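If you want the building blocks of each chain, they are given just below.
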Amino acid sequence: MNYYSLNKQAPNTSFKDAVIKGLAPDKGLYFPESITPLPQSFFDDIDNLSHSEIAFEAIKQFVTPEIPEAVLKTIVEETLSFDFPVVQLNENISTLELFHGPTMAFKDVGARFMARCLGYFNKDNTNEVTVLVATSGDTGGAVANGFLGVKGVNVVILYPSGKVSDIQEKQLTTLGQNIKALEVNGTFDDCQAMVKTAFLDEALTSQMQLTSANSINVARWLPQLFYFMFAYKQLHKKHKNMVFSVPSGNFGNVGAGMMAQQLGLPIKHFIASNNENNVVTRYLQSQNYQPQASVQTISNAMDVGDPSNFIRIQEIYKNNFEALKDNLSSYSFSDETTKEAMLEIYELFNYVADPHGAVGYLGCKAYLKENPNAHCVFLETAHPTKFLDVVEEVIKEKQPFPTQIEAVMDKEKVATKISAYNDLKDFLLK
Ligand SMILES: Cc1ncc(COP(=O)(O)O)c(C=O)c1O
Ligand SMILES: N[C@@H](CCOP(=O)(O)O)C(=O)O
């Protein structure tokens, strides 16, 4: 499959090139040249397919022939070596748990998939690649884990100082080897802007091959479409009008859901559920897209003021505002309301949600008020123990540590503090 830049000022390129570059030379995000819906027989037969078989069929057109089919089969099998259960809370609301991977956040799938694609492209170990990642909490840990020890790949993670949870910070600063962490005096948007600037800096790009492991990169972004298919498989016999509430920050996940819908998955509607960083909620009300500085919230991984992927969503709907509005609703919730929702979910359903999942739950409730016949699935995008302080404060109960979290608790943080783009540049050139 070839990809084009959404800025339309760079040549189209292959999947391999799009993965190795991350961002197009004109700073645009890559987008597939075509999307061919899967045959109806795929959806009719979905109950008989394993997760790996579903994923293989869904992603094949986007990555072959650069990744041969036999290699792709292995990549999806290795990537998806954990579960994606749906828990039904009541007749109208279910949650899809995306936190059973090694770092207990939904980013594990994209990070593991991309690491394996890059490992395959660099199998002869001829071209060293430096992977830059900006994180508001979870991408960093998932990429650190997914890329640890991958030959020929150096990873540099930028995270906003004091704005990620203690466990998230441990996950991204303690692994060593080919993984380095930079603690940025700024916000996630500052980190993301520095990464994008680095891609355009010839003093760097003439000396090293830089790529991104954020959802900017198609190999990180596209595998997220699997989740919606896994949920559909588990629910479609019981519920027809399926809608998804996606806790959203950089808008990669909800955009990936829309790609699943383009492939033919019968999803009725999407809800982008936001904390107070609500550029898209405001856009859908006003048709005026106005990014603004992010504010800090208890659902910190969604503290994004200028989401990278919204432009891909605009592309999916061919920049037709009415078509987008027909398929996407968006709501924004305060921390106070989020905490009330965490308590409500615990008291009503005996279920412990993390703050991001709770924002998703609130999105379901808001949508269901107007659309009572829908079945709303909110994505539980991270495990509650990653946000221990707020979870224990709200439900007033101690949480046990899962083994994945225990494994990093006693490790020592190693991070270099930086404040400005030149610090990043110096670090990379050292
Ligand atoms: C736990 C969690 N929930 C939600 C999000 C938002 O996802 P996206 O950036 O794809 O919108 C993130 C980070 O991206 C996250 O880590
Ligand atoms: N919420 C993310 C922010 C980056 O999103 P990405 O999907 O573009 O990598 C995080 O947890 O780091």
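Residues numbered from 1 in each chain as written. Chains lettered and ligands numbered in written order. Predicted model: local features only at pLDDT ≥ 70, side-chain atom pairs only at ≥ 80, totals over all residues. Heavy atoms only, no water.

Now for the site of ligand 1. Around ligand 1 sit 15 residues in total, of which Lys107, Asp138, Gly249, Asn250 and Thr381 are the nearest. The separation between an oxygen atom of ligand 1 and a polar main-chain atom of asparagine 253 is 2.8 Å. Threonine 381 is positioned with one of its side-chain polar atoms (N or O) 2.8 Å from a nitrogen atom of ligand 1. When the free accessible area of ligand 1 is taken as 380 Å², the share hidden by the protein chains comes to 98%. Split by residue class, the shell around ligand 1 holds six nonpolar, seven polar and two charged. (Near = heavy atom within 4 Å. Polar contact = N/O pair within 3.5 Å; in protein donor to acceptor, adjacent residues only side chain to side chain. Areas by Shrake-Rupley, 256 points an atom, 1.4 Å probe, with all protein chains shown as cover. Nonpolar A, V, L, I, M, F, W, Y, C, P; charged D, E, K, R; others polar.)

Attention now moves to the packing of helix H16 (residues 335-349) against helix H18 (residues 388-395). For the pair H16 and H18, the least separation of the axes is 9 Å and the interaxial angle reads 60°. The orientation of H16 relative to H18 falls into the category oblique. The chirality of how H16 crosses H18 is right-handed. Here H16 contributes Lys339, Met342, Leu343 and Tyr346 to the contact with H18, which in turn contributes Val390, Val391, Glu393, Val394 and Ile395. For the contact of H16 with H18, the per-class residue count stands at seven nonpolar, no polar and two charged. (Axes fitted to C-alpha atoms, helices over the stretch in contact; angles between N-to-C directions. Helix = DSSP H or I, 4+ residues; strand = E, 2+ residues; numbered from the N terminus. Parallel < 35°, antiparallel > 145°, perpendicular 65-115°, else oblique. Left-handed = near helix turned anticlockwise from the far one by under 90°. Contact = heavy atoms within 4.5 Å.)

This brings us to the pairing of strand E1 (residues 2-5). Consecutive side chains of a regular strand alternate in pointing toward one face of the sheet and then the other. Note: E1 against strand E2 (residues 13-14), two bridges, orientation antiparallel. Bridge assignment links tyrosine 3 to a residue of E2, and that residue is threonine 13. Bridge analysis of E1 against strand E3 (residues 30-32) gives three bridges, and the strand direction is antiparallel. Across the sheet, serine 5 pairs through a bridge with tyrosine 30, a residue of E3. (Pairing = 2+ DSSP bridges.)

A word on the state of the cysteines. Any covalent bond linking the sulfur atoms of two cysteines counts as a disulfide. For the structure shown, the criterion picks out one disulfide. Between the sulfur atoms of cysteine 364 and its disulfide partner cysteine 376 the distance amounts to 2.1 Å. One quick way to see it: the torsion about the S-S bond of cysteine 364 and cysteine 376 is about -75°, and its sign makes the bridge left-handed. Taken together, the positions of cysteine 364 in helix H17 (residues 355-370) and cysteine 376 in strand E13 (residues 375-380) put the pair twelve residues apart, joining distant regions of the chain. Neither residue differs from the other here; cysteine 364 and cysteine 376 are each classed as buried. (Disulfide = S-S within 2.5 Å. Buried < 20%, exposed > 50% of the residue type's maximum accessible area, 1.4 Å probe, protein only.)

Close to ligand 2 lie Lys107, Thr135, Ser136, Gly137, Asp138, Thr139, Phe188, Asn214, Ser215, Arg220, Asn250 and Ala301, which account for all nearby residues. Take threonine 135: an N or O atom from its side chain is 2.6 Å from an oxygen atom of ligand 2. One nitrogen or oxygen atom from the main chain of serine 136 is found 2.8 Å from an oxygen atom belonging to ligand 2. The protein chains hide 96% of the 340 Å² of surface that ligand 2 would expose on its own. Across the shell around ligand 2, the residue classes tally to two nonpolar, seven polar and three charged.

Here asparagine 217 lies in the loop between strand E9 (209-212) and helix H10 (218-221). Here asparagine 217 falls in the buried class, since its relative accessible area comes to 0%.

Backbone hydrogen bonds hold the strands of a sheet together, and the pairing may be parallel or antiparallel. Pairing is mixed across the open sheet formed by six strands, whose spatial order is E4-E5-E13-E10-E11-E12. In the strand order of this sheet, the two ends are held by strand E4 (86-88) and strand E12 (328-332), each with one partner. The sheet shows a mean angle of 25° between the axes of neighbouring strands, taken without regard to direction. When strand E10 (residues 242-247) meets strand E11 (residues 269-274), the two strands line up parallel, connected through five bridges. Pairing of valine 246 across the sheet is with alanine 272, part of E11. Of the strands in this sheet, E10, E11, E12 and E13 are in contact with helix H12 (residues 252-262), which crosses E11 at around 175°. Those strands touched by helix H13 (residues 279-286) are E11 and E12, and its axis lies near 125° from that of E12.

Within the secondary structure, serine 165 sits in the loop between strand E7 (153-160) and helix H7 (166-173). Taking the relative accessible area as the measure of exposure, serine 165 reaches 14% and is therefore buried. Among the polar contacts made by the side chain of serine 165, one reaches the main-chain carbonyl oxygen of lysine 386 at a distance of 2.7 Å. Contacts of serine 165, omitting those with residues within four sequence positions, involve Asn300, Lys386 and Phe387.

Here the focus is the environment of phenylalanine 43. Topologically, phenylalanine 43 is positioned in helix H2 (residues 40-44). It is 9.3 Å that separates the C-alpha atoms of phenylalanine 43 and tyrosine 232, two residues lying 189 residues apart in sequence. Beyond its immediate stretch of four places on either side in the chain, phenylalanine 43 contacts Leu38, Leu263, Gly264, Leu265 and Pro266.

In short, geometric facts, not functional conclusions.
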